[in-house]
Amino acid sequence: MSGNDAGELVPVVLPQRVIILGSLMWLVVVSPLFVESAAYRYVAPFLALIALHYYRTASVRPRTNWLGWLCMGWGAYVLIRFVFIFVTSPEHTIGASDWLYAYPFFFPILGVAFLLHEPVLEKIIAAVFAVALIMLIATQHFRDVFAGETVRPLIMNNQIHGAVACGLILIFTAFWLLHYLTEESSNRLIPRFAYIVSPLIAVLCLIAIYGAKSKGVWLALGATLPVLGLVTLTYLRLRTGLIVVACAAMLLMAGAYAVRHNIEKTAGPTVSSTIEMFDNITASHDLNDAVTSTITSNTTPFAMDARLQLWSNGWELFSSAPIFGWGGEWVERWKHTRYADVQYTLLHNGYLEMLVRHGLFGGLVMTVILVGLIANVWRARKAGLIPRTAWHAYAVCLFFFALTLLSNSNNRLAIGESLALTSSAFACWCSMRLSGGQLLIAAKKQQAKAVSA
């Protein structure tokens, strides 16, 4: 059948102006890596609408599998419950950022948006790293960092958020460089760009993370870097890989030793209080008494004291509604917890955030969704549909982010919402690729659209 036959179906190709607009919108969706703003919330729906338009007008379209239906079903459940509690509660409570747990509703259609922008993904990714380099250089405070002062990396509301962002950028950068070191590319310019900017980005990220003095991010990165090193060994020849990893490890250890006094000053009191609390738990076999004793101790650092109070309140709420949680009512219930006068309602633990709102049921559903998304990316890698570096970047970044959730509610931050949208859309796109799903349209119709554009 020739290309001019009316019955021939061809892949949907976006008009050039839509490709440019969509690429810019994807940059805004990932912009919380650099600037903590809500711009991505207003742009992501437009990406979804564009994808929905082409999805509906296509003659052949990817079928929605069980995971897609589960994502949309969960999102609908969260929204319905949110509205029900708002309408039926005397205070018309809306909780705090409770609506963000409905985001999975948009995962499948954003996967379609990924599919539509597949031809320019490599350029979009290169643009992200170009912005990363510019932002890291523009917001560096070398003098303050090496003077031992706490700095706020990038343009963030506080230094912890900046440190988390730099950790994610660091991991993505490592695999971006590994990709071009081990894979051929049809575009010669982008690999050369990666060779130059990747080491600069990595060094700037490490300096920024040290300067942010976020102990939770230090711990998360400390656990992630060995994993990153081991994965790196699988890409390089054994001897070369060992040399590279050993040199990187030695440089990091030398840097840590050079600033050991500052690290001890920052983390020492928290480590001492933590050890003392665990000693009390071991001696008394009573977790509640040990936590209460640590909270009331004059030697407990403020940040640790506040977190323990928040976690105590969070556990108290979860224990009183363990199956389905409190939904949007949790904020009202918070007022009656033991440490209700604590400064924050941000629980500083991403897992408690979920359990307080949606209980074990919500935790189970979200776990199934996450495992399904990860499985999609893994299967796409095994089938050769995506580069090995894409799988490793996805997995290692999620591992790092999961560790940061132990001490901070990063899933309630712009960076967490952005990561959820982009990583899940990527996984849904992998699912479409695995099933051979395409957006196809009649050749003549495609030509007519191209002419009108």
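Worth saying up front: this structure is predicted, and the values here are computed from it rather than measured.

Looking at this structure, how should I read the overall build of the protein chain?
Across its full length, the protein chain holds 18 helices and two strands. Taking 22 Å as the expected radius of gyration for a compact globule of 453 residues, we find that the protein chain reaches 24 Å, a close match to that expectation. With respect to the principal axes defined by its C-alpha atoms, the protein chain has extents near 80 × 60 × 35 Å. Going through the 453 residues of the protein chain one by one, you find that 49% of them count as buried. Taking the intrachain contacts of the protein chain between residues at least 6 apart in sequence as the baseline, contacts between residues at least 24 apart amount to 78%. When the accessible surface of the protein chain is summed, it comes to about 22500 Å², and 67% of that surface belongs to carbon and sulfur atoms.

I keep staring at the state of the cysteines and nothing clicks. Help me out?
As used here, a disulfide is simply a covalent bond connecting the sulfur atoms of two cysteines. Scanning the entire structure with this criterion turns up zero disulfides. Here Cys-397 is not disulfide-linked; the sulfur of Cys-205 is the nearest cysteine sulfur, at 11 Å. For Cys-397, a relative accessible area of 1% gives the class buried. Here Cys-428 stays unpaired: no disulfide links it, and the sulfur of Cys-71, its closest cysteine neighbor, is 5.4 Å away.

Got a minute to help me understand the packing of helix H2 (residues 39–57) against helix H17 (residues 414–434) in this structure?
Axis angle and axis distance: for two packed helices, these are the angle between their axes and the distance between the axes, and together they describe the pair. Relative orientation of the contacting elements H2 and H17 amounts to 20 degrees, with a least axis distance of 10 Å. Classed by the angle they form, the pair H2 and H17 counts as roughly parallel. Remark: the crossing between H2 and H17 carries left-handed chirality. Across the interface between the two elements, Tyr-40, Arg-41 and Ala-44 of H2 pack against Ala-414, Glu-417, Ser-418 and Leu-421 of H17. Its residues placed into classes, the contact of H2 with H17 shows four nonpolar, one polar and two charged.

Mind showing me how you'd approach empty space enclosed by the protein here?
Space left empty within the atom packing is revealed by a probe, the size of a water molecule, rolled over the atoms. With the rule as written, the count across this model stands at two cavities of 30 Å³ or more. Considering only enclosed or pocket space, the largest cavity measures out at about 60 Å³ in volume. Taken together, Val-78, Arg-81, Phe-82, Ile-85, Asp-98, Gly-327, Gly-328 and His-358 make up the lining of the largest cavity. At four residues, helix H3 (residues 66–88) tops the list of elements feeding residues into the lining of the largest cavity. A per-class count over the lining of the largest cavity returns three nonpolar, three polar and two charged. Considered as a void within the structure, the second largest cavity measures approximately 50 Å³ in volume. Ser-273, Glu-276, Asn-280, Ser-293, Thr-294, Ser-297, Thr-299 and Thr-300 together form the lining of the second largest cavity. Of the residues in the lining of the second largest cavity, the class split is no nonpolar, seven polar and one charged.

Explain the environment of Ala-290 here, please?
Considering the arrangement of structural elements, one finds Ala-290 in helix H12 (residues 287–296). Measuring from C-alpha to C-alpha, the distance between Ala-290 and Val-271 comes to 15 Å, with 19 residues separating the pair along the chain.

Would you mind going over a nonpolar patch on the surface with me for this structure?
On the surface, Val-83, Phe-86, Val-87 and Ile-94 cluster together into a nonpolar patch covering about 350 Å² of accessible area. One can find Val-83 in helix H3. Residue class for Val-83 comes out partly exposed when judged on its relative accessible area of 47%.

In this structure, what is going on with the confidence of the model for the protein chain? I would like to understand it.
In low-pLDDT segments, the atomic positions of the prediction should not be examined closely. Per-residue confidence for the protein chain gives a mean pLDDT of 89, with 94% of residues at or over 70. Model confidence for the protein chain, summarised as mean pLDDT per element, is weakest for helix H18 (residues 443–452) at 62 and strongest for helix H16 (residues 388–404) at 97. Confidence drops under a pLDDT of 50 for residues 1–6, and excluding neighbours within four residues, the segment shows 11 contacts in the predicted structure.

Any chance you could explain the packing of aromatic side chains here in plain terms?
Aromatic rings considered in pairs are described by the distance between their centres and by the relative angle of their planes. Within the structure shown, the criterion is met by 18 aromatic pairs. Centroid distance Trp-74 to Phe-361: 6.1 Å. Interplanar angle 50 degrees. Geometry classified as tilted. With a gap of 287 residues between them, Trp-74 in helix H3 and Phe-361 in helix H15 (residues 350–382) connect regions that are remote in the sequence. Residue classification places Trp-74 among the buried positions, given a relative accessible area of 3%. Judged by its relative accessible area of 31%, Phe-361 falls in the partly exposed class. The ring of Tyr-210 carries the charged tip of Lys-213 above its face, separated from the ring centre by 5.0 Å. Above the plane of the ring of Tyr-235 lies Arg-388, whose end atom (NZ or CZ) is 3.9 Å from the centre.

Reading the values: the criteria
- Residues numbered from 1 in each chain as written.
- Predicted model: local features only at pLDDT ≥ 70, side-chain atom pairs only at ≥ 80, totals over all residues.
- Heavy atoms only, no water.
- Helix = DSSP H or I, 4+ residues; strand = E, 2+ residues; numbered from the N terminus.
- Rg over C-alpha atoms; globule rule 2.2 N^0.38 Å.
- Buried < 20%, exposed > 50% of the residue type's maximum accessible area, 1.4 Å probe, protein only.
- Contact = heavy atoms within 4.5 Å.
- Areas by Shrake-Rupley, 256 points an atom, 1.4 Å probe, with all protein chains shown as cover.
- Disulfide = S-S within 2.5 Å.
- Axes fitted to C-alpha atoms, helices over the stretch in contact; angles between N-to-C directions.
- Parallel < 35°, antiparallel > 145°, perpendicular 65-115°, else oblique.
- Left-handed = near helix turned anticlockwise from the far one by under 90°.
- Nonpolar A, V, L, I, M, F, W, Y, C, P; charged D, E, K, R; others polar.
- 1 Å grid on protein atoms, 1.4 Å probe; cavity = no way out; pocket = protein on both sides within 12 Å on 5 of 7 lines; lining within 4 Å.
- Points joined across faces, edges and corners; volume = space filled by probe spheres on them.
- Patch = residues over 30% accessible without salt bridge, like charges linked within 9 Å, V, L, I, M, F, W, Y side chains within 5 Å.
- Salt bridge = Lys/Arg side-chain N within 4 Å of Asp/Glu carboxyl O.
- pLDDT = per-residue confidence, 0-100.
- Phe/Tyr/Trp six-rings, centres within 6.5 Å; stacked < 30°, edge-to-face > 60°.
- Lys NZ or Arg CZ within 6 Å of the ring centre and 35° of its normal.

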